[in-house]
Amino acid sequence: MKEQRNGLLLVVSGPSGVGKGTLVKALMDRNSRIKMSVSATTRAPRPGEIDGVHYFFKTEEEFKAMVDRGEFLEYIHVFGSKYYGTPRSFVEQQLADGFDVFLEIDVQGAMKVKQAFPDAVLIFITAPSMSEIKSRLIGRGTETMEQVEKRFATAFEEIKMIPEYDYVVVNDVVDKAVHHLEAIMEAERCRTVRSAYLTEAIEEIGR
Ligand code: ADP
Ligand code: 5GP
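Just so we're clear, the structure is a prediction, and the values are computed from it rather than from any experiment.

A. Layout of the sheet that holds strand β9 (residues 167–170). In space, the five strands of this open sheet follow the order β2-β7-β1-β8-β9, with parallel pairing throughout. At either margin of the open sheet sits one strand with a lone partner, and together these are β2 (34–36) and β9. Between one strand axis and the next, the sheet turns by 25 degrees as a mean value, whatever way the strands run. In terms of strand pairing, strand β1 (residues 9–13) meets strand β7 (residues 100–104) through four bridges, oriented parallel. What sits directly across from V12, in β7, is E104. Against the sheet, helix α4 (residues 107–116) engages β1, β7 and β8 (121–126), with an angle of about 160 degrees to β1.

Here it is, written out as structure tokens:
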């Protein structure tokens, strides 16, 4: 029996510095059927970040033109001045081709995706403690102390949104957290709502 299903749309959110990027990269290293959506942003690239790989880096004018053309699945305006958005066409194409697609986006964006795609799987990533989140953020060394404080303050708002998510994963040890993510994906693939083709095929055999 041939499996005919679209890929899973998975949304990963959690406080900045909790390890979302680390976990999704580890998952992709282990599974070639997983794709990561590359967002567009107006924030400046961090050292080592490549345009088109980590983000599509845009000016505010370019970003707003994309909004006007309806090219985003969702977008937000955060941290006072920066825009972030998920380009629509890549996600829709990959899902149709059967790839599982991860969006690493903030809680507001996640809620918009859930409305537009009720089948999306929302996963909140957290760390064993708030102090651990702060030390990871500082340890990454990519933000000024002022930016760290701003992101850390946002973290308290973000964790209030956990009940809106389908799953929560504590990123204590990376390997363990990756295993949890794989288990979630396995279970989601087995959900009855995603298996209509199976019922149809079984009914077909019975005729
Ligand atoms: P996010 O994408 O959520 O902002 P990152 O993946 O960039 O976070 O991780 C932030 C920092 O924490 C990085 O320096 C990363 O190496 C580190 N990190 C990620 N997961 C763990 C973990 N389980 N234990 C310790 N450090 C971690
Ligand atoms: P960073 O600047 O650390 O790369 O990302 C800051 C925040 O923006 C993170 O919470 C990240 O998940 C979120 N983010 C990145 N891309 C998008 C996007 O396309 N849409 C939304 N809604 N949030 C995004």
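B. Molecular detail of the site of ligand 1. Ligand 1 sits among 14 residues. The nearest are G17, K20, T22, R140 and D172. Here G19 contributes a backbone N or O atom positioned 3.0 Å from an oxygen atom of ligand 1. One of the side-chain nitrogen or oxygen atoms of N171 is found 2.9 Å away from a nitrogen atom of ligand 1. Protein coverage of the free-state accessible area of ligand 1, which is 560 Å², stands at 72%. Counting only elements with at least two residues in the shell around ligand 1, the list comes to α1 (20–30) and α5 (130–140). Among the elements that take part in the shell around ligand 1, α1 stands out by supplying three residues, more than any other. The residue inventory of the shell around ligand 1, partitioned by class, reads three nonpolar, six polar and five charged.

What counts as what
- Residues numbered from 1 in each chain as written.
- Chains lettered and ligands numbered in written order.
- Predicted model: local features only at pLDDT ≥ 70, side-chain atom pairs only at ≥ 80, totals over all residues.
- Heavy atoms only, no water.
- Pairing = 2+ DSSP bridges.
- Helix = DSSP H or I, 4+ residues; strand = E, 2+ residues; numbered from the N terminus.
- Axes fitted to C-alpha atoms, helices over the stretch in contact; angles between N-to-C directions.
- Contact = heavy atoms within 4.5 Å.
- Near = heavy atom within 4 Å.
- Polar contact = N/O pair within 3.5 Å; in protein donor to acceptor, adjacent residues only side chain to side chain.
- Areas by Shrake-Rupley, 256 points an atom, 1.4 Å probe, with all protein chains shown as cover.
- Nonpolar A, V, L, I, M, F, W, Y, C, P; charged D, E, K, R; others polar.

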